[in-house]
Amino acid sequence: MNTLYFGDNLEIMREMDDQGVDLICTDPPFNSGRDYNTFLTDSKAQSKAFTDTWTWDDPAQDTRADIERRARTSDTYKALDTCLKGYDLVLQNAVSGNKGAMRAYLAFMGPRLAEMHRLLRDTGSIYLHCDPTASHYLKGIMDAIWDQNNRKKNEYFRNEIVWCYRGAGYPKKDFGRRHDIILRYSNGPQYIFNLDDIREEYAEATIERFKHHIGNKRKAGDFGVQKLNPLGKHPDDWWQIQPIAPSSKERLGYPTQKPRALYERMIEASSNEGMLVMDPFCGCGTTIDAAHTLHRFWIGIDLTILALDPMRRRLADRHGLEPSKDYEIHGYPTNMQEVHKLVRDEKKYHDFSNWAVTRLGLQPTKSVGDGGKDGEAHVGHITLWDPEEGQTTDTRILAEVKSGRPTITQVRAFCHVMDKNDAIGIFITIEPVSAGMRQIAADMGTFYHNNETFPRLQFWQIDDTYFENPSSLKDIIRLPAAWLAPMRRIERHFTDTQMTLLRS
Ligand SMILES: C[S@@+](CC[C@H](N)C(=O)[O-])C[C@H]1O[C@@H](n2cnc3c(N)ncnc32)[C@H](O)[C@@H]1O
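Sequence order sets the numbering: in each chain, residues are counted from 1 along the sequence as written. Reporting of local features is limited, given that this is a predicted model, to residues whose pLDDT is at least 70; pairs of side-chain atoms are given and counted only at 80 or more, and all residues count toward the totals for whole chains, interfaces and linings.

Colleague: Hey, could you run me through the overall build of the protein in this one?
Modeller: Starting at the N terminus, helices and strands are each numbered in turn, a helix being any DSSP run of H or I of at least four residues and a strand any DSSP run of E of at least two. Tallying secondary structure elements over the protein gives 19 helices and 15 strands in all. Out of the 504 residues in the protein, the part that is buried amounts to 39%. A fraction of 67% describes how many contacts in the protein between residues 6 or more apart in sequence connect residues 24 or more apart. Any residue whose C-beta has 12 or fewer other C-beta atoms within 10 Å is treated as exposed, any with 20 or more as buried, and any in between as partly exposed, C-beta atoms being built from the backbone. Here, residue contact means that the backbone-derived C-beta atoms of the two residues sit within 7 Å.

This is the structure in structure tokens:
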């Protein structure tokens, strides 16, 4: 069954059986040092999933210690450990700056590559998408892992593919950076390569040259000219495929989204229909979409549940696929048990609060100030038509999420933030709210719109009712109809309205 997992791919891959996957096409963070903040602004989730900066911190050192431990019993980890120790020398054992960042990044990537190697069948291949910041180091790691028992020559490295594209902006004193690197390795000598499926059209000039050549040879009575292949040209290891244009229909608003054509090419070349393709850093699902288009089975993993909404929309719009019916989702809350699982990891990933506020069509952020000692308020705007004024007005809406037992102090602090921001508010909990808290909400009064009044502060206690009937939320949270429509659509897709809100 096609499956999406949300969580850390290292933990998820370690649960999977050896040699079950035919092809891995994946695009991990690059250690680019960049913030991909076009999607979400100023949120903790973004800083986890959408920044590509690394530090040689405790978790990085723990990962290295774990690699060393595993090296005692595993040849793969032994090869990885040796390689990383070599890189430590190259990077001068740095603990800060670019070199410290690179050590941390390689400690992150190393074990994940080791697991990918284990998961691939002997006939399988991997395409690792990276860029020149780290591609040379990653290639060294892959050589170490893929060729660990092969001292004679590097047999498993197949290609370094250069993905070239056009783009805007040039560095002042360097050449324009206009390519990514895709490292292609096979797990054994019997790997799949469907040359005829990926042949390219010959360039006009090549055809003209060929015709001219044939003419000359004929005149000279020589008919031994090598023919052009009628199926097309053998492709080279540099690919010219344009990145997704800002106005492209393919664009989902997810940072770092790659063009589907690029991934279709890898999948066509290195797998057959009915085979299993995996992307352990799947983002908004480019590999998944390409694999489904080409009739392959698929597994996608991503750390952030914020990737699910665009991915779900894409799978529904392009392939008519519905979650639970046509594919499985793990790690995304579909019941209270899974909510509690997210809550346990809340400090690490903030997925619970991200999930909860996005159900309301709000943007996960803390840019409006702290709502309590350990709280943060998420923000959105409702643009409402005000018939009395004869114009639209922007109303601010804030949300605070509490994964533990809520306190009166927290609710008061939230009211304070609401007042400061002239906003209406939604206080989200999984534990019940007390009568005292309800009184505070009543004291906050109402707001008026289009001859209707709505409570200014409202509570949403997430429980099983929500999962049984997600649209029950509109009966719990009373908001003007203009806001409820986007909320309803969120249950089906990641809404365009939400994207507009995110950008506003
Ligand atoms: C460069 S993006 C992939 C973009 C993807 N190719 C697409 O077209 O949408 C890298 C992705 O890796 C995810 N990621 C980072 N660390 C991860 C981890 N430990 N486990 C799973 N996913 C992770 C990020 O959330 C991000 O979505």
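Now, onward.
Colleague: Honestly, the site of the ligand in this entry has me stumped. Any pointers?
Modeller: Using a C-beta atom placed from the backbone for every residue, we mark a residue as near a molecule or strand if that atom lies within 6 Å of it. Taken together, 19 residues lie around the ligand, and Asn9, Asp27, Phe281, Gly283 and Thr286 are the ones closest in. Tallied by class, residues from the shell around the ligand come to 9 nonpolar, 6 polar and 4 charged. Lys, Arg, Asp and Glu make up the charged group, whereas Ala, Val, Leu, Ile, Met, Phe, Trp, Tyr, Cys and Pro make up the nonpolar group; the residues left over, Gly among them, are polar.

Colleague: Sorry if this is basic, but what is going on with the pairing of strand β14 (residues 452-455) here?
Modeller: Side-chain direction in a regular strand flips from residue to residue, so the side chains alternate between the two faces of the sheet. As paired elements, strand β13 (residues 446-449) and β14 share 4 bridges and run antiparallel to each other. By the bridge assignment for β14, tyrosine 448 is matched with threonine 453. Between the end of β13 and the start of β14, which pair antiparallel, lie 2 residues, with asparagine 450 showing a positive phi angle near 50 degrees. The rule for pairing is simple: two strands pair if DSSP sees at least two bridges between them.

Colleague: Where do I start with the sheet that holds strand β1 (residues 3-6) in this structure?
Modeller: Within a beta sheet, neighbouring strands are joined by backbone hydrogen bonds and run either parallel or antiparallel to one another. Across the sheet, which stays open at both edges, the 9 strands sit in the order β6-β4-β5-β3-β2-β7-β8-β1-β9 with mixed pairing between neighbours. Strand pairing shows two members of the sheet lacking a second neighbour, β6 (238-240) and β9 (328-330), which therefore form its edges. Each neighbouring strand pair of the sheet contributes to a mean axis angle of 15 degrees, computed without reference to strand direction. Here strand β4 (residues 157-164) runs beside strand β5 (residues 179-186); their pairing, made up of 7 bridges, is antiparallel. When the sheet's bridge partners are listed, isoleucine 161 is paired in β5 with isoleucine 182. Interaxial angle, 0 to 180 degrees, is taken between N-to-C directions of lines fitted to C-alpha atoms, where a helix line uses only the stretch in contact.

Colleague: Would you explain the environment of phenylalanine 352 in this entry?
Modeller: Mapped onto the secondary structure, phenylalanine 352 falls in helix α13 (residues 351-359). On the basis of neighbour count, phenylalanine 352 is assigned to the buried category, with 24 C-beta atoms found within 10 Å. Linking phenylalanine 352 and isoleucine 305, residues 47 residues apart in sequence, is a C-alpha distance of 9.0 Å. Other than its neighbours up to four places away in sequence, phenylalanine 352 contacts Val339, Leu342, Val343, Glu346, Val401 and Ser403.

Colleague: Can you walk me through the packing of helix α4 (residues 75-90) against helix α6 (residues 135-146) in this structure?
Modeller: The relative placement of two packed helices comes down to the angle between their axes together with the axis-to-axis distance. α6 packs onto α4 with a crossing angle of 145 degrees between their chain directions and a minimal axis gap of 8 Å. The hand of the α4/α6 crossing is right-handed. Each of Thr76, Ala79, Leu80, Thr82, Cys83 and Tyr87 in α4 lies in contact with α6, whose residues at this interface are Tyr137, Gly140, Ile141, Ala144 and Ile145. When the residues that make up the contact of α4 with α6 are grouped by side-chain class, the tally is 8 nonpolar, 3 polar and no charged. Handedness of a crossing is defined here by the sense of rotation of the near helix relative to the far one, left-handed for an anticlockwise turn of less than a right angle and right-handed for a clockwise turn.

Colleague: Which parts of the structure should I look at to understand the environment of histidine 117?
Modeller: Residue placement: histidine 117 occurs in helix α5 (residues 97-119). Accessibility expressed as a C-beta count within 10 Å gives 21 for histidine 117, which makes it buried. For the pair histidine 117 and isoleucine 24, spaced 93 residues apart in sequence, the C-alpha separation works out to 9.4 Å. Once you skip the residues sitting within four places of it in the chain, histidine 117 turns out to touch Thr76, Ile145, Trp146 and Asn187.

Colleague: Looking at this structure, I do not really get the packing of helix α11 (residues 336-344) against α13. What am I missing?
Modeller: One can describe the packing of α11 onto α13 by two numbers: an axis separation of 7 Å at closest approach and a directional angle of 130 degrees. Between α11 and α13, the crossing angle belongs to the class labelled oblique. Here Val339, Leu342 and Val343 of α11 come into contact with α13, specifically with Asp351, Phe352 and Trp355. Classifying every residue of the contact of α11 with α13 by side-chain character gives 5 nonpolar, no polar and 1 charged. Oblique is the label for any angle not under 35 degrees, not over 145, and not in the 65 to 115 range, which are roughly parallel, roughly antiparallel and roughly perpendicular in turn.

Colleague: So what exactly am I meant to see when it comes to helix α10 (residues 308-319) here?
Modeller: Given 3.6 residues per turn, any residue in an α-helix points the same way as the ones three and four places further on. Given a helix with a known number of residues, its expected span is that number minus one, times 1.5 Å. With 12 residues, α10 should cover 16 Å at 1.5 Å per step; its first-to-last C-alpha distance of 16 Å lies within 8% of that length. All of the buried residues in α10 are Leu308, Asp309, Pro310, Met311, Arg312, Arg314 and Leu315. Residues of α10 that are buried make contact with β1, α9 (286-293) and α13. One or two residues past the end of α10 sits glycine 320, with phi positive at roughly 65 degrees.

Colleague: Would you explain unusual backbone geometry in this entry?
Modeller: Excluding glycine, residues mostly have negative phi values, and the peptide bonds linking residues are mostly trans. Of note, glutamine 19 is a non-glycine position whose phi angle comes to about 50 degrees, a positive value. Tracing the sequence through the fold places glutamine 19 in the loop between α1 (9-14) and β2 (21-26). The residue asparagine 93 is not glycine, and still its phi comes out positive at about 50 degrees. Examined against the element boundaries, asparagine 93 turns out to sit in the loop between α4 and α5. Residue classification places asparagine 93 among the exposed residues on the basis of 12 C-beta atoms within 10 Å.

Colleague: What is the right way to look at the confidence of the model for the protein in this model?
Modeller: If pLDDT is low for a region, its predicted coordinates should not be looked at in detail. Predicted confidence across the protein gives a mean pLDDT of 84, with 81% of residues reaching 70 or more. The quantity called pLDDT is the predictor's confidence in a given residue, expressed from 0 to 100. For residues 488-504, every residue scores under 50 in pLDDT, and the model assigns this stretch 34 contacts once sequence neighbours within four places are set aside.

Colleague: Sorry if this is basic, but what is going on with the nonpolar core here?
Modeller: The term nonpolar core means buried Ala, Val, Leu, Ile, Met, Phe, Trp, Tyr and Cys residues held together as one set by C-beta atoms within 7 Å. Counting residues in hydrophobic clusters, the biggest one holds 105 residues, and the most contacted among them are Leu80, Leu138, Ile141, Met142 and Ile145. In contact with leucine 80, not counting residues within four places along its chain, are Ile67, Gly110, Ala114, Ile141, Ala144 and Ile145.

Colleague: In this structure, what is going on with the environment of threonine 286? I would like to understand it.
Modeller: As for its placement among the helices and strands, threonine 286 is situated in helix α9. Among the residues examined, threonine 286 registers 28 C-beta atoms within 10 Å and is labelled buried. As for threonine 286 and arginine 314, which are separated by 28 residues in sequence, their C-alpha atoms are 9.2 Å apart.

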